[in-house]
Amino acid sequence: MTIALALALVLAACGGAEDEAANAAEITVADEAMTDESMDDSMTDESMEHMPTTFTVTITNTSGDAALETPLAPGAFIVHTSMETLFGVGTVDRGEGLEALAEDGSPGTLAETLGSLASVSTAGTFANPDGGTEVGPALPGAGYSFSFEATPGDYLSFAAMFVQSNDWFFAPDPSGINLFDGDTPIEGDITQLIGLWDAGTEVDEEPGAGANQAPRQAGPDTGEAQNAPITAVDGYTGTISVTLTVG
Ligand SMILES: [Ca+2]
Ligand SMILES: [Ca+2]
């Protein structure tokens, strides 16, 4: 502004340049206005960045219409910023509690272990089927819901046991689900983002028939132990439906 005014005065002193001086002054004022506006915008963006968004996930057991009817078991979820936080594909189970979740439907240890990581902002379990007050399996037609807060840059991972198996679990890819597209939270049907995985900790029997699978085994952690890499399981589409809602 000072330079522009000086320039205007010089031009005015030269005579016959009043219009140009006025233009120079206007342009300067317009620049300042733009600067103020962009400062306001950045302040708004900044304050919005610090406001977490509340998400709710609902996992519905739709296996009544699928290849093999199965209960779902209580599971664990985390909100995280690093990749492969809940598990890694092609690597063996890390001994953080995933085995108990995948073999016996016990999610507590995994949630507790992962909750202590610096890259995990929230960790929890979902154990009461929707509409109920008691911990238990979600039978066909029932489901689990859980809510959490997140900000851009956060990912969601969760895992829940496919009960008619030795050690299979539903979960997103190990990178997790990116909860934001830029600054915009994602929502809707996310079923396609969820896979079925073999934890590699127990030798598989025929799904729905094995004597060492949760519905039939003598007790937790019963069955032939294995130390194989975690792999994707094909088939069994339509066993669950998962939605993500905001607010
Ligand atoms: Ca297995
Ligand atoms: Ca077992």
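Since the structure is predicted, the reported quantities are computational estimates derived from the model, not experimental observations.

Draft legend 1. Layout of the overall build of the protein chain. Within the protein chain, the secondary structure is distributed over 4 helices and 13 strands. Here the protein chain holds 247 residues, and the buried ones make up 32% of them. For the protein chain, long-range pairs separated by at least 24 residues make up 73% of all intrachain contacts whose partners lie at least 6 apart in sequence.

Draft legend 2. Spatial organisation of unusual backbone geometry. In this structure, Asp221 takes a positive phi of about 60° despite not being glycine. Examined against the element boundaries, Asp221 turns out to sit in the loop between β11 (194-198) and β12 (231-232). Even without being glycine, Tyr236 reaches a positive phi, approximately 60°. Within the element layout of this structure, Tyr236 appears in the loop between β12 and β13 (240-246). Under the C-beta neighbour-count criterion, Tyr236 is labelled buried, with 20 such atoms within 10 Å.

Draft legend 3. Representation of the environment of Ala160. Tracing the backbone through its elements, the reader meets Ala160 in strand β5 (residues 155-161). In this structure Ala160 comes out as buried when scored by C-beta crowding, with 28 C-beta atoms within 10 Å. For the pair Ala160 and Leu196, spaced 36 residues apart in the sequence, the C-alpha separation amounts to 9.6 Å. Setting aside residues no more than four positions away along its own chain, Ala160 makes contact with Ile59, Leu72, Ala73, Gly75, Phe169 and Phe170.

Draft legend 4. Region of the structure containing the sheet that holds strand β1 (residues 53-61). Taken in spatial order, the 4 strands line up as β4-β1-β13-β10 in an open sheet, and their pairing is antiparallel. Unpaired on one side and paired on the other, β4 (143-150) and β10 (188-189) mark the two borders of the sheet.

Draft legend 5. Looking closely at the environment of Ala159. Here Ala159 lies in strand β5. The exposure class of Ala159 is buried, given the 25 C-beta atoms found within 10 Å. For the pair Ala159 and Phe126, spaced 33 residues apart in sequence, the C-alpha to C-alpha distance is 9.8 Å. If we skip the residues at most four places from it in the chain, Ala159 touches Gly75, Ala76, Leu86, Leu98, Leu101, Phe169, Phe170 and Ala171.

Draft legend 6. Up close: the nonpolar core. Residues Ala159, Ala160, Met161 and Phe169 are the most contacted members of the largest nonpolar core, which totals 44 residues. Sort the elements by how many residues they give to this core and β5 lands first, with 6 residues. The residues touching Met161, leaving out its near neighbours within four places in the chain, are Leu72, Ala73, Leu101, Ala102, Gly105 and Phe169.

Draft legend 7. Local environment of helix α4 (residues 108-115). Burial in α4 covers these residues: Leu110, Ala111 and Leu114. Take α4 and look down its axis: the buried residues cluster within an arc of 100°, on one side only.

Draft legend 8. Spotlight on the confidence of the model for the protein chain. The predicted model of the protein chain has a mean per-residue pLDDT of 86, with 80% of residues at 70 or higher. A low-confidence stretch, residues 1-43 stays under pLDDT 50, and its non-local contacts, those more than four residues away or across chains, total 14 contacts.

Draft legend 9. Summary view of the environment of Phe87. Inspection of the secondary structure assignment puts Phe87 in the loop between β2 (75-80) and α3 (98-104). Sequence separation between Phe87 and Ile230 is 143 residues; the distance between their C-alpha atoms is 8.1 Å. Excluding residues within four positions of it along the chain, Phe87 makes contact with Leu98, Pro174 and Ile230.

Analysis parameters
- Residues numbered from 1 in each chain as written.
- Chains lettered and ligands numbered in written order.
- Predicted model: local features only at pLDDT ≥ 70, side-chain atom pairs only at ≥ 80, totals over all residues.
- Helix = DSSP H or I, 4+ residues; strand = E, 2+ residues; numbered from the N terminus.
- Buried ≥ 20, exposed ≤ 12 C-beta atoms within 10 Å, placed from the backbone.
- Contact = placed C-beta atoms within 7 Å.
- Pairing = 2+ DSSP bridges.
- Core = buried A, V, L, I, M, F, W, Y, C linked by C-beta atoms within 7 Å.
- Arc of directions from axis to C-beta.
- pLDDT = per-residue confidence, 0-100.

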